Amino acid sequence: MAFSSKKPFLNADEAASALGVEVQTIYAYVSRGLLHSESGGNKDRSKRYRREDIEQLLLRREERNQPGKTAKAALSLGQPVLESSITLLGENSLFYRGKNVLELSENGSFEDIACLLWEAEDTNPFESDWPILSEECNKILKLLEGRPILDISRILLPFLEYEDAKAFRKDPKTFRKTSSSILRYLTLFSSAQTSSEGKISETLLSSWNPSRKKEDPNFIAKLKLLEAALILSADHELNVSSFTARCVASSEASLYQVVLAGLAALSGRKHGLLTEKAILLLSQTSGNKKKDKQLLEEKLRSGENIPGFGHPLYKKGDPRGRKLIQMVEKFFPEDPDVQLYLQFLKQIEELLEDYATIDAGLALVSKAFKLPKGAGIGIFAIGRTAGWLAHAMEQYDSGNLIRPRAKYIGNLPQE
């Protein structure tokens, strides 16, 4: 039932081959409403078919033949388990609301992408002033100085929710205003500031690199790279943190609680902490190819995983990681440390015969910017929060409670 290609769309011949039927049967499926066709944009007026729709037909067929088998696979990189119009994963790219994310990351602003994800382009919630942390909140923030960014966020968000009288209002305008406030709160926590007037990326970069003023000729290039890192981190369909966020939203918990749930999932060793592990790995390069090869081989012999490489959804490499690495190469062509990190990443790729993921890309950005400890996962958390909030809004609109069933395999009760 697996496809060798991850193209989001198939033509009629490819669809027929995947389903093991004649092309005429594909047309019959469309007429019966089992498949949706749309223009392929070609002069011959040929149609194209969504890969997900083809997979759903195969899923139904397998479920009829082996009831229960497909449900188990669906929870682990298997078939889609719910509908979403937010992110489409392609073979060499991904799309937010139908727009190519790699192209958006080159010139877009993170705030604009958040509005795109929230379908708020006409009523930009970021046009209002930044929220100001209360005196009580600042006291707590000072007590937490030096703690990891995720810890600070998880401790202070419930406090901010209590202070927000509109946190439980259920209208689209309030959802989007609350979402923009939450993103800005996380930015203030990550930058150790109490207020700001600029964009999220400017606030972060100015705080993390206070000596690098806007007069720096490379400031704009660095700002573009940070914007790209936030944009590329924003959403990735139903990863573990986004699915967790949707489950919490389906209970009609507040947006603050949705983000808290997402942060909890992100803190795990198999999710957000992979970024921190990849940063630590880059810090271990000696710049000597022979020594670095020995280091990597020792890790593999001892059973360690090499973080930041090999994404199960991309056969030809994670396009987000590739994009960030390309941008770092472009913006830091003469930085000797960056060249060592790039050499090390290439060496790992050749040794593993696999490709860098977004975790490796974020790690490289962190090292190139010489960011403080925890800033890498801070970028990931702020970026991904925009996606969690989009999933929450979509789930609220559906009105459905996410409540899957489990296949019981334990001891049977005694009769």
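For clarity, every value in this text was computed on a predicted model and none was experimentally measured. (Residues numbered from 1 in each chain as written. Predicted model: local features only at pLDDT ≥ 70, side-chain atom pairs only at ≥ 80, totals over all residues. Heavy atoms only, no water.)

Asker: Could you give an account of the side chain of S109, with specific residues and numbers?
Answerer: Following the sequence through the fold, S109 ends up in the loop between α5 (101-107) and α6 (110-117). Among the polar contacts made by the side chain of S109, one reaches the side chain of D112 at a distance of 3.1 Å. If we skip the residues at most four places from it in the chain, S109 touches K199, E227 and I231. (Helix = DSSP H or I, 4+ residues; strand = E, 2+ residues; numbered from the N terminus. Polar contact = N/O pair within 3.5 Å; in protein donor to acceptor, adjacent residues only side chain to side chain. Contact = heavy atoms within 4.5 Å.)

Asker: If you had to explain the UniProt feature "domain: Helix-turn-helix" (unreviewed entry) in the chain to someone new, which residues and values would you point to?
Answerer: Sequence positions flagged by UniProt for "domain: Helix-turn-helix" (unreviewed entry) are, in local numbering, residues 9-61. Spanning residues 9-61, this segment combines 53% helix with 19% strand, and its end C-alpha atoms are found 20 Å apart. (UniProt positions renumbered as here; feature names shortened; annotations may be inferred.)

Asker: Talk me through the pattern of salt bridges; I want residue IDs and the actual numbers.
Answerer: If you walk through the whole model with that rule in mind, you get 17 salt bridges. The salt bridge involving E119 is made with R97; its shortest N-O contact spans 3.8 Å. Note that E119 is positioned in the loop between α6 and α7 (135-143) and R97 in the loop between β5 (94-96) and β6 (99-100), a separation of 22 residues in sequence. Note that D171 is salt-bridged to R169, the shortest N-O span being 3.5 Å. (Salt bridge = Lys/Arg side-chain N within 4 Å of Asp/Glu carboxyl O.)

Asker: Report on the sheet that holds strand β4 (residues 87-89), specifying residues and quantitative values.
Answerer: The strand order across the open sheet formed by three strands is β4-β5-β6, and the pairing between neighbours is antiparallel. The sheet is open, and its two borders are formed by β4 and β6, each paired with just one other strand. Bridge count between β5 and β6: two bridges; the pairing is antiparallel. Its bridge partner lying in β6, F95 is registered against N100. (Pairing = 2+ DSSP bridges.)

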